[in-house]
Protein chains: 2
Amino acid sequence: MKPYSELSREELLTCKEELDKQYQEAQSKGLSLNMSRGKPEKGQLDMGMGLMSVLGEDCDMKSEDGTDCRNYGELDGIMEAKVLMAGIMGVRDPKDVIVFGNGSLSTMYDAVCRSYTTGVLGCTPWCRLDQVKFLCPVPGYDRHFAITEHFGIEMINIPMTEKGPDMDLVEKYVSEDASVKGIWCVPKYSNPQGISYSDETVRRFAALKPAAEDFRIYWDNAYAVHHLYEEDQDEILDILSECEKAGHPDMVYVFGSTSKISMAGAGIAAMAASQRNLESIKKSIAIRTICYDKINQLRHARYFNSMEAVKAHMKKHADILRPKFEAVLDVLERELGGLGIGNWVRPKGGYFITFEAMEGCAKNIVRKCKEAGVTLTGAGAPFPYGKDPHDSVIRIAPSFPAREELAQATDLFVLCVKLASIEKLLEG
Amino acid sequence: MKPYSELSREELLTCKEELDKQYQEAQSKGLSLNMSRGKPEKGQLDMGMGLMSVLGEDCDMKSEDGTDCRNYGELDGIMEAKVLMAGIMGVRDPKDVIVFGNGSLSTMYDAVCRSYTTGVLGCTPWCRLDQVKFLCPVPGYDRHFAITEHFGIEMINIPMTEKGPDMDLVEKYVSEDASVKGIWCVPKYSNPQGISYSDETVRRFAALKPAAEDFRIYWDNAYAVHHLYEEDQDEILDILSECEKAGHPDMVYVFGSTSKISMAGAGIAAMAASQRNLESIKKSIAIRTICYDKINQLRHARYFNSMEAVKAHMKKHADILRPKFEAVLDVLERELGGLGIGNWVRPKGGYFITFEAMEGCAKNIVRKCKEAGVTLTGAGAPFPYGKDPHDSVIRIAPSFPAREELAQATDLFVLCVKLASIEKLLEG
C-alpha cells in the first residue's frame, strides 16, 4: 500500500470508512487487555522458584566470611551478594558495591533524597538551593522522572539518538550550568526504546566536566543481562572504570537489581560507586537502617552462584519474551510497514517497544485503544511532567500478557494507529 | 555491707585497695566480652528456621486475595501480613496498617524524612522551617535520636517516670510550642528501661492538644510481644484507638516489626495510622518504590498464622532470654544491693536492663569495663547528642552473649561500679 501521505482526501475517507467498521467490530468484542505494564509474566516467575528452596530449614545461614545472615549487621551487604551484583551490573570490583533491599527504584530515590536533605560529599543540600536541574534523556523511564519531580527538581529533555542521549547537548548543559546536578540514564536496552549507549557515548559521559561539584550520572543499568537474542547482544562499557580512567571517579552512581531476574519486588538491589562516594553513603544509610535483608542476599548469591548461572537463567527468560516481542513487531511491520505513519525499532533486549506515531497522534491512539478495551501506557508517560512535546511516543510493554492476547491487542493497536493518522491527515 | 556513703575515708580506701587488686586480676584474664548489642543470640535465630521452609519450590505463591506475591504490586502489603502486624502492634484494624520492608528503623526514618522533604498532610516541609523540635523521653533509643539529629532537629529531654514520660512536661511543650513536631516513644518494655506506659499515660498522649498541626507521636511498639514471663506481662492501650476516641485520629504513627520475632534484619516492618495519614503516605511511597518484598510478607504470614502462634514462638524466646536477664540481675542484687551506689529495675520484657549509677560515674564505669575486656554501650548513648546530663545511665544488653560470658561480664561490671563509686566518693 502507498504511504498515507500520498493518499488523496477521497482515498483517506474511503480508507477511514473501512477502518471505522473494523474498529466498531473490535469494540463489540469487549476486549480487556493490558500492554502497559513492564512486569514479568507468570512463566518467568515460575522459573525462579528454585530460589525458594535454596535456603531450607536445616541450612547453614552463614555467608562465606562466617557472618550469620539471620542477625543484624553487615550494613553494606555480604560479599557474595556484592560479587553477584557487580557481575550483573558490569562493575569490575565487588568492593565498589553496596547491596540494598528489594528494589533499585528506592535505592535511586534514596540517592536523590540524600542529596536533597544532606548534600553530596559536603556540598550544599539541594533543599537549600533555589534551583536544581536534572537532564532527562527522552523518551525515558517515568518513575525516574517522578522522583525528580517529587523533589521539585526542574527537568530538561535531552533527545535520544540511536547511540544514546544527544551528547552535545549533555556536555553543554553539564559544563555550563552549575544547577544541573544529575542525569537519568538507562544505558543498556533503554526504557522504553531499547537503545544501548555506544562506547563513544559512555566515554563522553566519563569525560564530562561538570560545572557542579555534586553533579552525578544516575546510571540505571536495569536491563544489563536482559537480552532477547543469544547471538546478537549489546554490551556497554563499564562507566565506573571509564570515569576513573577519565579522572572523575566520583561522578557516577550505578544502579541495578535482580527484580526482573529473580522475583519482581522480591529481588535484591545494588549500587556501585567510588569508595569516596560509598563511604559517605554508608554513613548516611547507617542512620536509616541497621542492615538490609541478608537472608535474601544469601538466597540470591547461592542460587545465582556464577555469571554463567545468571546467563543461563536469563536465556530462559528470553525464550519466553522473544516470541512476544516478535509477535508485536511482526504485526507492526505487516500492518504499518510502508505507510509512513509510525516508526519503531526492533530492540535486542529490555522490556519495551517504542512506537513513534505521527506528531499529535499518540494521545488519540491511546484513547482509541482504551475505548476498545486495550490499556496502553499513557501517552506522555515517558517524558518529564508527562508531556510529550510532539505527542507521538507510545510505550508498548509485551512481557505480561499471554501471546494470543498480545496478538489481539496489537491488531487493535495498529487499527487505532491507522485511524488516528488518517484523522490527523484529514485535519491538516 | 553498709552503704558506701556511710563509709569513712579510711574504710573507702581499704575497700578500694581490695577492689583494685580484684580489678588487676580481672584485667589479667584477657576477657573479650560484649554486653552492648541488643541483638538476638543464635538459639533465638535457630527457632525461626521454620520460616525457611514455609515457601518451597512447589508452593503456591498467592496471597489470600489471589495476588501473585512474586510480581510487582500491592504497594501497602498483602492483607494477611497486615493482619499479622496489626496483631503484633496491638492495632485493632488491619486496614490501618501498611507493611514495609525489613526493618522498622527505616520506616521511622522515612516518616521523618517525608515530613522534612514533603511535609505532613499539606503542612510546610520541615526543611523550610527555621526550627523543628522533638521531645525525647530519656533514657531512650539511641537510633531514634540519631535520626532526628541527622535532620538537624533539636531534641529536648523528657525524663522517664515509672509510668512513662513525664506527661506534665510533654503536655506543656506540645501545647505551647508549635515547633515541637514529634515525640519518640517506646511504649512497652521501653528501650532501655523496660518501662511500660500506664493507661493514664497513653490516654494523656491521646488527649494532647498540639500547637503544631503536624505534630505526631512516633509510637515505636518494638517490644510488643517480647515478654520475659508468662504469668506477669505488661499490656498497653491501643494508642490509635485512644487517639480516635479523643478526636485526634491523625496524631500518631505506630511502628513495629518482626525483627526480634523472626529474623533480625530479615523480618517485616509495619506502620499503623489513620486512613488520612495512610493515604498521604502511600502517595509518597509510591514515588519511592513499586512494592515491598511480598514474598517475605507471605512467608511471615503463613508461618505466624495466628497470634497464638506468635505468642508460642515468643515464649520460646523468653525461655532463652529470661535466664540471661536473671543472671545479670542476680549479680547486681547480690553484689550491689544495699550499697547505695546504683539503681536498676527488673524489666518484665524487652531487651535491656538499665543501671543507674551515682551521678558522674557512668563514663568511668564503661571505661573501666572496656579496659578489662568488657564492652558496654557507650555511656550517654541513650540520650540525645550522646549526652547524659548526670553521667549516670548505663544500658546493659544481656541477649547476645552466652550465659557464662554474661556472668563473667557482670562480675566485672559490678566490680567497676564499686571502684568508680569509691573514686567518686573520695573526690567529693
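Let me begin by describing the structure that accompanies this report. In this convention, every chain numbers its residues from 1, walking through the sequence in written order. Chain letters and ligand numbers both follow the written order, the letters beginning at A and the numbers at 1. Two thresholds apply to this predicted model, a pLDDT of at least 70 for residue-level local features and 80 or more for giving and counting side-chain atom pairs, whereas whole-chain, interface and lining totals are computed over all residues. Heavy atoms from the whole structure form the basis of all side-chain values; hydrogens and water molecules are not counted.

## Details of the environment of A:M160
Residues and elements named next belong to chain A.
Phase 1: Structurally, the position occupied by M160 is in strand β4 (residues 154–161).
Phase 2: Sequence separation of M160 and Y141 is 19 residues, and the distance between their C-alpha atoms is 13 Å.
Phase 3: Pairs of residues are marked as contacts when any of their non-hydrogen atoms sit within 4.5 Å. What M160 contacts, discounting residues up to four positions off in sequence, is P137, V138, P139, P165, S190, Q193, I195 and Y197. Helical segments are the DSSP runs of H or I of at least four residues, strand segments are the runs of E of at least two, and each set is numbered from the N terminus.

## Side note on the pairing of strand β3 (residues 133–138) of chain B
All names here are of chain B.
Phase 1: Under the scheme applied here, a residue whose accessible area is under 20% of the maximum for its type counts as buried, over 50% as exposed, and between as partly exposed, the area being computed with a 1.4 Å probe on protein chains only. Burial of β3 is extensive: 6 of the 6 residues sit out of reach of the surface.
Phase 2: Of the two faces of β3, both are covered, the one formed by K133, L135 and P137 as well as the one formed by F134, C136 and V138.
Phase 3: Any two strands are treated as partners once DSSP identifies two or more bridges connecting them. Of the pairings in the sheet, the one linking β3 to strand β4 (residues 154–161) comprises 6 bridges and is parallel in character. Paired with F134 across the strands is M155, a residue of β4.

## So, the sheet that holds strand β13 (residues 393–396) of chain A
Residue and element names in this part refer to chain A.
Phase 1: Here we have 3 strands laid out as an open sheet, ordered β10-β11-β13, and antiparallel in their pairing. Strand pairing shows two members of the sheet lacking a second neighbour, β10 (342–344) and β13, which therefore form its edges. For this sheet, the mean inter-axis angle between neighbouring strands, taken without regard to orientation, is 25°.
Phase 2: The pairing of strand β11 (residues 353–357) with β13 spans 4 bridges and is classified as antiparallel. All axes here are fitted lines through C-alpha atoms, helices being fitted over the stretch that makes contact, and every angle between N-to-C directions spans 0 to 180 degrees.

## Describing the state of the cysteines
Phase 1: By convention in this document, the label disulfide applies to cysteine sulfur atom pairs within 2.5 Å. Under the defined criterion, the tally for this structure stands at 0 disulfides over all chains.
Phase 2: A disulfide-free cysteine, B:C113 has its sulfur positioned 3.2 Å from the sulfur of A:C113, the nearest such atom.

## Digging into the layout of surface pockets
Phase 1: A pocket, in this scheme, is an open set of points on a 1 Å grid over the protein atoms alone with protein on both sides within 12 Å along at least 5 of 7 lines, while a cavity is a set where a 1.4 Å probe fits but cannot get out; residues line either one if an atom lies within 4 Å of a point. Grid points are joined across faces, edges and corners, and a volume is the space filled by probe spheres set on the points. Roughly 560 Å³ of internal volume is contained in the largest pocket.
Phase 2: Looking at the largest pocket, it is lined by 30 residues, and the ones nearest its centre are A:Y72, A:I290, B:Y141, B:R143 and B:K260.
Phase 3: Breaking the lining of the largest pocket down by element, the ones donating at least two residues are α4 (104–117), α5 (142–150) and β8 (252–257) of chain B.
Phase 4: If you tally residues by element for the lining of the largest pocket, the top one is α4(B), at 4 residues.
Phase 5: Throughout this entry, Asp, Glu, Lys and Arg are counted as charged residues, while Ala, Val, Leu, Ile, Met, Phe, Trp, Tyr, Cys and Pro are counted as nonpolar. The remaining residues, Gly among them, count as polar. Looking at side-chain class alone, the lining of the largest pocket contains 9 nonpolar, 14 polar and 7 charged residues.

## Section: the sheet that holds strand β5 (residues 164–165) of chain B
All names here are of chain B.
Phase 1: Strand order in the open sheet made by the 8 strands is β2-β9-β8-β7-β6-β3-β4-β5, with mixed pairing throughout. Because the sheet does not close on itself, it has two edges, and the strands there are β2 (97–99) and β5.
Phase 2: Examined bridge by bridge, β3 and strand β6 (residues 180–185) share 3 bridges and lie parallel to one another. Residue L135 lies in a different strand from β6, and its bridge partner there is I183.
Phase 3: Across the sheet, helix α9 (residues 275–288) touches β2, β7 (216–220), β8 and β9 (269–272), and the angle it forms with β2 is around 20°.

## A look at the side chain of A:D234
Residues and elements named next belong to chain A.
Phase 1: Assignment of secondary structure puts D234 in the loop between β7 (216–220) and α9 (239–245).
Phase 2: Distance and chemistry together define a polar contact, namely a pair of N or O atoms within 3.5 Å, with one atom able to donate a hydrogen and the other to accept it when in protein, and with adjacent residues in sequence counting only for side-chain atoms on both sides. One polar contact links D234 to S196, side chain to side chain, over a distance of 2.7 Å.
Phase 3: A distance of 2.7 Å separates a polar atom in the side chain of D234 from a polar atom in the side chain of K348.
Phase 4: Residue contacts for D234: discarding those within four places in its chain leaves K188, Y189, S196, H227 and K348.

## Regarding the environment of B:V202
Residues and elements named next belong to chain B.
Phase 1: Along the chain, V202 turns up in helix α7 (residues 199–206).
Phase 2: Overall, the relative accessible area of 0% leaves V202 in the buried class.
Phase 3: Each residue touching V202, except ones within four places of it in the same chain, is listed here: Y197, W219, L237, I239 and E242.

## A closer look at the relation of the copies chain A and chain B
Phase 1: For this overlay, a least-squares fit was computed on C-alpha atoms, restricted to residues scoring pLDDT of at least 70 in both copies. Superposing chain A onto chain B takes a rotation of 180° combined with a translation of 0.0 Å along the rotation axis, leaving an RMSD of 0.0 Å. Given the turn and translation reported, the copies of this chain are related as if by a two-fold rotation axis.
Phase 2: A share of 100% of the interface residues of chain A reappears at the interface of chain B, consistent with the copies meeting face to face through the same patch.

## As for empty space enclosed by the protein
Phase 1: Scanning the model with the defined rule gives 11 cavities of 30 Å³ or more in all.
Phase 2: Its boundaries defined by the atoms lining it, the largest cavity holds a volume of some 360 Å³.
Phase 3: Taken together, 30 residues make up the lining of the largest cavity; nearest its centre are A:G101, A:N102, B:G101, B:N102 and B:Y292.
Phase 4: Secondary-structure elements contributing two or more residues to the lining of the largest cavity are α5 (104–117) and α11 (294–303) of chain A together with α4 of chain B.
Phase 5: Among the residues making up the lining of the largest cavity, the classes are represented as 7 nonpolar, 17 polar and 6 charged.

## Brief notes about the side chain of A:S259
Phase 1: With respect to the element layout, A:S259 can be found in the loop between β8 (252–257) and β9 (269–272).
Phase 2: Other than its neighbours up to four places away in sequence, A:S259 contacts A:N102, A:G103, A:A264, A:G265 and B:Y72.

## So, the packing of aromatic side chains
Phase 1: Ring pairs shown here join Phe, Tyr and Trp side chains whose ring centres sit within 6.5 Å, with only the six-membered ring taken for Trp; geometry is labelled stacked below 30 degrees between planes, edge-to-face above 60, and tilted in between. With the rule as written, the count across this model stands at 34 aromatic pairs over all chains.
Phase 2: Taking 6.0 Å as the distance between ring centres and 70° as the angle between the ring planes, the aromatic pair formed by A:W126 and A:F134 counts as edge-to-face.
Phase 3: Using a relative accessible area of 2% as the deciding quantity, one classes A:W126 as buried.
Phase 4: Note on B:F205 and B:W219: the rings are 5.6 Å apart at their centroids and 80° apart in plane angle, and the pair reads as edge-to-face. Placement of B:F205 in helix α7 and of B:W219 in strand β7 is noted, with a sequence separation of 14 residues between them.

## Digging into α5(A)
All names here are of chain A.
Phase 1: With 14 residues, α5 should cover 20 Å at 1.5 Å per step; its first-to-last C-alpha distance of 20 Å lies within 8% of that length.
Phase 2: The buried fraction of α5 amounts to 14 of the 14 residues, a majority that puts the element mostly inside the structure.
Phase 3: Positioned one or two residues after α5, G119 has a phi angle of 90°, which is positive. The length a helix should cover is 1.5 Å for every residue beyond the first.

## Considering the interface of chain A and chain B
Phase 1: Opposite the 56 residues of chain A that make contact, chain B presents 56 residues.
Phase 2: Accessible area, probed at 1.4 Å, shrinks when two parts are joined; the buried area is that loss added up over both. With both chains or domains summed, chain A and chain B bury close to 4800 Å², and 54% of this area falls on carbon and sulfur atoms.
Phase 3: A per-residue breakdown of the area chain A buries against chain B is headed by A:R70, A:Y72 and A:R288, which together make up 17% of the total.
Phase 4: Any Lys or Arg side-chain nitrogen located within 4 Å of an Asp or Glu carboxyl oxygen qualifies as a salt bridge. The tally of links between chain A and chain B comes to 4 salt bridges.
Phase 5: Across the chain A-chain B interface, the total number found is 22 residue pairs in polar contact (both at pLDDT 80 or more).
Phase 6: For the side of chain A that touches chain B, the secondary-structure elements that each account for two or more residues are α2 (42–47), α3 (51–54), α5, α6 (142–150), α10 (275–288) and α11 of chain A.
Phase 7: A per-class count over the side of chain A that touches chain B returns 27 nonpolar, 15 polar and 14 charged.

## Some points on the packing of α6(A) against α9(B)
Phase 1: Relative orientation of the contacting elements α6(A) and α9(B) amounts to 125°, with a least axis distance of 8 Å. In this view, α6(A) runs oblique relative to α9(B), as classed from their interaxial angle. Residues A:R143, A:A146, A:I147 and A:H150 of α6(A) lie in contact with α9(B), whose contacting residues are B:S284, B:A286 and B:I287.
Phase 2: When grouped by side-chain class, the residues that make up the contact of α6(A) with α9(B) number 4 nonpolar, 2 polar and 1 charged. Throughout, the term roughly parallel applies to angles under 35 degrees, roughly antiparallel to angles over 145, roughly perpendicular to angles from 65 to 115, and oblique to all others.

The quantities given are spatial measurements derived from coordinates; they are silent on function.
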